[in-house]
Amino acid sequence: MIYHSIRMKAKAGVTQEQAAEALESMRNQGRVIDAVKSFVVGRDFGGEFDWSGVFVIEDLDGYWEYLTHPQYH
């Protein structure tokens, strides 16, 4: 299993609407990319980041599918 983790901090001036759009884009990756077996996206607590996501992928072939999927970009 591969656990692909993303942690983000919003730059100054990012609106709540823009942040919500970015988070929804990440959630959509989890929903539409077949290689993703499960995922979680939300607030990151206890550190310097604001949000994070973890995507669970079974193997390297699936990871490549995830990384090259049009929804990822």
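Look up a bit, the structure's there.
## Concerning the environment of Lys11
Mapped onto the secondary structure, Lys11 falls in the loop between strand E1 (2–8) and helix H1 (16–32). When its relative accessible area of 66% is taken as the criterion, Lys11 is described as exposed.

## Focus: the pairing of strand E3 (residues 51–57)
Most of E3 is tucked away: six of the seven residues are buried. Strand direction decides the pairing type here: strand E2 (residues 36–43) and E3, joined by seven bridges, are antiparallel. Looking at the pairing, Phe39 lines up with Phe55 of E3.

## Here we look at the nonpolar core
Phe55 and Tyr66 are the most contacted members of the largest nonpolar core, which totals 13 residues. Going through the elements one at a time, E1, H1, E2 and E3 are the ones with two or more residues in this core. Beyond its immediate chain neighbours, meaning those up to four positions away, Tyr66 contacts His4, Ile6, Gln29, Ile33, Ala35, Val36, Phe55, Ile57 and Tyr72.

## Remarks on H1
If you check H1, its first and last C-alpha atoms are 24 Å apart, about what 17 residues at 1.5 Å a residue would give, namely 24 Å. Looking only at H1, the buried set comprises Ala19, Leu23, Met26, Gln29 and Gly30. The arc that holds every buried residue of H1, seen down its axis, measures 105°, which confines them to one face. Of the residues in H1, the exposed ones pointing more than 90 degrees away from the buried face are Glu17 and Glu21.

## What to know about the sheet that holds E2
Reading across the sheet, the three strands line up as E1-E3-E2 and stay open at both edges, with antiparallel pairing between neighbours. Among the strands making up the open sheet, the edge pair consists of E1 and E2. This sheet shows a mean twist of 10° between the axes of neighbouring strands, independent of strand direction. Inspection of the sheet shows E1 paired to E3 by seven bridges, in the antiparallel sense. Residue Arg7 lies in a different strand from E3, and its bridge partner there is Ser52. Sitting on the sheet, H1 is in contact with E1, E2 and E3, with an inclination near 165° to E2. Against the sheet, helix H2 (residues 60–68) makes contact with E1, E2 and E3, and its axis sits at roughly 30° relative to E1, the strand it touches most.

Reading the values: the criteria
- Residues numbered from 1 in each chain as written.
- Predicted model: local features only at pLDDT ≥ 70, side-chain atom pairs only at ≥ 80, totals over all residues.
- Heavy atoms only, no water.
- Helix = DSSP H or I, 4+ residues; strand = E, 2+ residues; numbered from the N terminus.
- Buried < 20%, exposed > 50% of the residue type's maximum accessible area, 1.4 Å probe, protein only.
- Pairing = 2+ DSSP bridges.
- Core = buried A, V, L, I, M, F, W, Y, C linked by side-chain atoms within 4.5 Å.
- Contact = heavy atoms within 4.5 Å.
- Expected span 1.5 Å × (residues − 1).
- Arc of directions from axis to C-beta.
- Axes fitted to C-alpha atoms, helices over the stretch in contact; angles between N-to-C directions.

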